[in-house]
Each structure stands twice: as C-alpha cells, then as structure tokens.
Amino acid sequence: MSVQVEGTFCVQGIGSRPRLHVSADGSGVVGHAGARLLADLADATGLTSAYSTALRPLRPRGTGHDPGRIATDLAVTVADGGETITDLTVLRDQGEMFGPVASTPTAWRLLNAVDEHVLGRLRSARAQAREVAWLQASETHCGIPAAKAGGREMPGLVLDIDATLITCHSEKEAAAPTYKGGFGYHPLLCFLANTGEGMSGRLRPGNAGANTAADHIAVLDDALAQIPDAHRHGTDILVRTDSAGSAKSFLTHVRELRTRGIRTFFSVGHAITEPVRRAIRALPEQVWHPALDQDGTLRESAEVAELTSMTDLAGYPDGTRIIVRRERPHPGAQLSLFDHDEGMRHQVFLTDTPFTSGSAQFLEVRHRQHATVEDHIRCGKTTGFGRFPSRRFPVNAAWLELSLAAIDLLAWMRVLLLDGELAAAEPKKLRYRILHVAARLTRGSRRLCLRISATWPWRHELAAAFHRLTTLPRPAI
C-alpha cells in the first residue's frame, strides 16, 4: 500500500504475523470442543437412550458398539457440519473428549440394517426425546417460543411443509430426473416454524410430484406424531404449504384431523386459475386494503382483498376462504401473462381460519411468513441432507432421518442452552462460534476439565451453555 505525501511516495508498513514452527505432536488439545455440548444434550434429552432401545434388535449378541450410541454420534457429526460417514473420524480420534466412537465400517453396517420398520422406531425415539426437550423448555424457560408474523405472536404451533431438490452426481437407487432438468432426489419436509425443528421428512425420487396429496398427508401425519401429546391435543396447529399443498384431499385430511381432537387449520397457496382471474378483475377498488410487512407496518405498494364470495370453492372444506394480494413487481420478478396485463403481481392462498380470528391483512402476512421454510431447507442442506452417502435408497432414507435429528439437536441447543444473538443463529454461525472451538483437556482433583481459550470471543457463551446443560432436569429412567 502506498501513500502520497507532498509529491513523494512512502511505503506504509504492514504488520507481520508471528513466525510459527509447526509440529504434529501436540497432546491434551481437542478441536470441535463445542460438539461435546450436542453429544451431552442428546443424552440429557434421552435421545441416546431412546435410540438404544429402538435399535436394540440390531445388536443381538449385546457386544460391540451400542447401535443407539452410533446413531447419536452420527447425528452429532452431521449437526457439527459433517457431510459423510467418514467424518465420524473427528469424534473418534478424540476419544478422551467423546469416548469410544464406532469405526466407519461399523456405522455403515448400522445404516445398511435400517429398513422401513426400523426407520419407524427411529422416528418414535426422536419423538420421545422431543417430549423431554419440550418439558425441559417449560421448566427452565417459558416453553416453546411462539412463531411471529405481522409484528405479533401467533398462537399455537405452525408447521411448514415444502419440497426441495437434491442433486445426485452419481447413480443412486431411486434417483431420477427432476422437473428442473437436474437429477437426484425430491424429498418432502416439514419444519416447526416456532423453533426450526425438523419434524418429518420423506425421501422421494427426483420425479416425484410436488403436489402429491398422499405424500403431504404422510409427512403431516409424521410431523403430528412428533408433537408431544400435551401439545398435539388442545393446541391450535397451523399447517402452511405453497400451492403444491392445495389438493382438496389434503385439505380435507387437515380438517378431518379435528375429529381426532387435533385442532388443525390450513393456509396454503393456490394457483391463479381463469375463474380466479375473473374474480380479481371484478373486485371493486374499495375492497382492497393495504398489506402488512412482517414488522406490522403497512407494506408499500401492496394490497389485500377477500375473494371468498366471488369464487366457487365447491369440494373444499366448509369455511374455506380465498384471499389475494397484489403488489407492484420488483425488478426481475417472474410475472405471468395475467400479471403483465394487470401491471401487478398477484398471489392467492386458501385458509380455513374463521373471519372472527383475523383480518385478511393479517392472514396474508401470516401466510407469507411460510417463506421462512426456505431458510430451514437451506440450513438443512448444510446439516446432512444436502448430499446422501450411499447408492442404496434405504441407507439414504436413514441418513435423512439422522439429519432431522441433527437439526433438532441444534434447535434444542438454541432454545435450552443459548440466549441473545446465538439463540437465533443459523448452523453456520453456531459452528464458527461455538461448535468448532478448540480447547485443552486437563485433569485435576479426579476431574476432566475442558479449558476454553481465555481470548476466544464467545468463551463465556459456551461456558454458560455447558453450565445450563448440567442444570437441565433429566428424564426419569
């Protein structure tokens, strides 16, 4: 860097880094020390023991590594940012920190033994751990946080369902061409908007339909089975999807769940068909009302109107409403021919929320908040299901289930152990600041101590998280 002073050039010195002598003979130092927080959290919520019970039939002689512990170690590895089964090495080679960890071939054999029946037991084990985690949240905090929209909290729980494409760069069983011209898988996933937990997911071939009602019903039922009984019954549960979830059979299923004591409601996108276009054109200007932003303020150049009385909703559950938003398109927005003709971008959705429970303005901004599921999917792709390890479909289905467990561990860590900025941090930030920290292990007074560097910027947050972990109420055994 040069600086000109009175016609001359002066070279400004650049501070040099200290010289290093590098050797590979260190001892007592561990990396990824924060990942121990996730491993201990899996134990504290009962996930490890529930996995052990679920996978006990895969250990007939009672020897070798416990299958439940292997599953937990894989989930911790994925939550820590691992992308392959071989990344278990990070835990295995630090035995003093993480204890005995199975070899890569042993982990492969476990996943290879997981069939659909075993997969169901893994899901049940995760539901048991979730019940404990939610009870711990109730006893140590204010319970599960509320989802927000339009500057206010929404009552109950919010489930967001969406599909995504996973590209496969090699021949894998059931991988197929996708509607976007790629090749791979097309899993359908459900996340809890309140906490970001990965409630359920089904691995599907790449050519699976985005709007398949049977798949939506299966994923929703799996997600509801994950919700503890105390919350599944007696709590409002809003189910949000894009237009792929607008099939009448799926919405009928959502409504029929109420006969089983599950208070479900829906808010789903809807295609702008020709009857909908005619209804929009027939709307008088005075029925349009300003739309809201997510902070509750008025949204510039956007308006909302109710179409319910002007559209034929035969075949949909009683009380279904249809609402439209129009907005000045931003540069680069994809517009239909109808939008080009009208000079506005239109979006339509269906909901069965009663008229007495919210204005069309609030219901629209509530539905628009469904877009946060894209963030959950993006983070999920860095937490396991962005790539699949095997050519065999059942192994990849098991990998997806462990990825959802990893997403849950990160969510429970945010809710139970962290506060401030980190309580809302995405996995990438958590790994950089908390999970991947190096530390020193020392022994003294018959204790193994983890000593975090006194200069690490987030040392106090990590130490506080370990302390909170020790105070969590443990499940009765």
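Summary of the structure given here. (Residues numbered from 1 in each chain as written. Predicted model: local features only at pLDDT ≥ 70, side-chain atom pairs only at ≥ 80, totals over all residues. Heavy atoms only, no water.)

Helix and strand content of the chain: 17 helices and 19 strands. Computed over C-alpha atoms, the radius of gyration of the chain comes to 26 Å, within 12% of the 23 Å expected from 2.2 N^0.38 for 477 residues, which places it in the range of a compact globule. For the chain, the spread of C-alpha atoms along the three principal axes comes to 85 × 80 × 50 Å. For the chain, the proportion of contacts with a sequence separation of at least 24, taken over those separated by at least 6, is 68%. Here the chain displays about 23,000 Å² of accessible surface, and carbon together with sulfur accounts for 52% of that area. Between the mean site of the 55 positive side-chain charges and the mean site of the 51 negative ones, the chain shows a separation of 6 Å. (Helix = DSSP H or I, 4+ residues; strand = E, 2+ residues; numbered from the N terminus. Rg over C-alpha atoms; globule rule 2.2 N^0.38 Å. Contact = heavy atoms within 4.5 Å. Areas by Shrake-Rupley, 256 points an atom, 1.4 Å probe, with all protein chains shown as cover. Lys, Arg positive; Asp, Glu negative; His and termini not counted. Charge placed at Lys NZ, Arg CZ, Asp CG, Glu CD.)

So, about the nonpolar core. One recurring pattern in soluble globular proteins: nonpolar side chains tend to sit buried together. Judged by nonpolar contacts, the single largest core of 122 residues is most densely connected at Leu 159, Leu 220, Phe 385, Met 413 and Leu 417. Excluding anything up to four places from it in sequence, Phe 385 contacts Ile 166, Leu 189, Phe 191, Ile 377, Gly 380, Leu 400, Ser 403 and Ile 407. Grouped together as the second largest cluster of nonpolar side chains are 17 residues, Phe 265, Ala 302, Ala 360 and Val 365 included. (Core = buried A, V, L, I, M, F, W, Y, C linked by side-chain atoms within 4.5 Å. Buried < 20%, exposed > 50% of the residue type's maximum accessible area, 1.4 Å probe, protein only.)

Phi at His 32 is positive, roughly 55 degrees, even though this residue is not glycine. Assignment of secondary structure puts His 32 in the loop between β3 (29-30) and α1 (35-44). Although it is not a glycine, Ala 174 sits at a positive phi angle of roughly 75 degrees. Within the secondary structure, Ala 174 is located in the loop between β7 (166-167) and β8 (176-177). Taking relative accessible area as the criterion, Ala 174 reaches 31% and is therefore assigned partly exposed.

With that out of the way, let us pick up the pattern of salt bridges. Throughout the structure, instances matching the rule amount to 32 salt bridges. Note that Asp 419 is salt-bridged to Arg 468, the shortest N-O span being 2.7 Å. Of this pair, Asp 419 sits in the loop between α15 (393-417) and α16 (427-435) while Arg 468 is found in helix α17 (residues 459-471), placing the two residues 49 residues apart along the sequence. Among the charged side chains, a network of salt bridges with common partners joins Glu 116, Arg 123, Arg 126, Arg 130, Glu 197, Glu 401 and Asp 408. (Salt bridge = Lys/Arg side-chain N within 4 Å of Asp/Glu carboxyl O.)

Attention shifts here to the packing of aromatic side chains. A full pass over the atoms with the stated rule returns three aromatic pairs. With a centroid separation of 5.9 Å and an interplanar angle of 70 degrees, the aromatic rings of Tyr 185 and Phe 393 are classed as edge-to-face. In this pair, Tyr 185 is assigned in strand β9 (residues 183-185) and Phe 393 in helix α15, connecting sequence segments 208 residues apart. On the numbers, 5.6 Å between centres and 70 degrees between planes, the contact of Trp 456 with Trp 458 is edge-to-face. Look at Trp 458 and you get buried, because its relative accessible area is 18%. In textbook terms, an aromatic cluster arises when at least three aromatic residues are bridged by ring pairs, as seen for Tyr 185, Phe 388 and Phe 393. The ring of Tyr 316 is capped by Lys 248, whose NZ or CZ atom sits 5.2 Å from the centre of that ring. Here the basic side chain of Arg 326 rests over the ring of Trp 288, its NZ or CZ set 4.1 Å away from the ring centre. (Phe/Tyr/Trp six-rings, centres within 6.5 Å; stacked < 30°, edge-to-face > 60°. Lys NZ or Arg CZ within 6 Å of the ring centre and 35° of its normal.)

It is worth spelling out the pairing of strand β17 (residues 345-351) at this point. With five of seven residues buried, β17 is to be regarded as a mostly interior element. Bridge count for strand β13 (residues 264-270) against β17 is four bridges, and the pairing is antiparallel. What sits directly across from Val 268, in β17, is Leu 350. Note that strand β16 (residues 321-327) and β17 share seven bridges and pair antiparallel. Among the inter-strand pairings, Glu 327 is bridged to a residue of β17, identified as Arg 345. (Pairing = 2+ DSSP bridges.)

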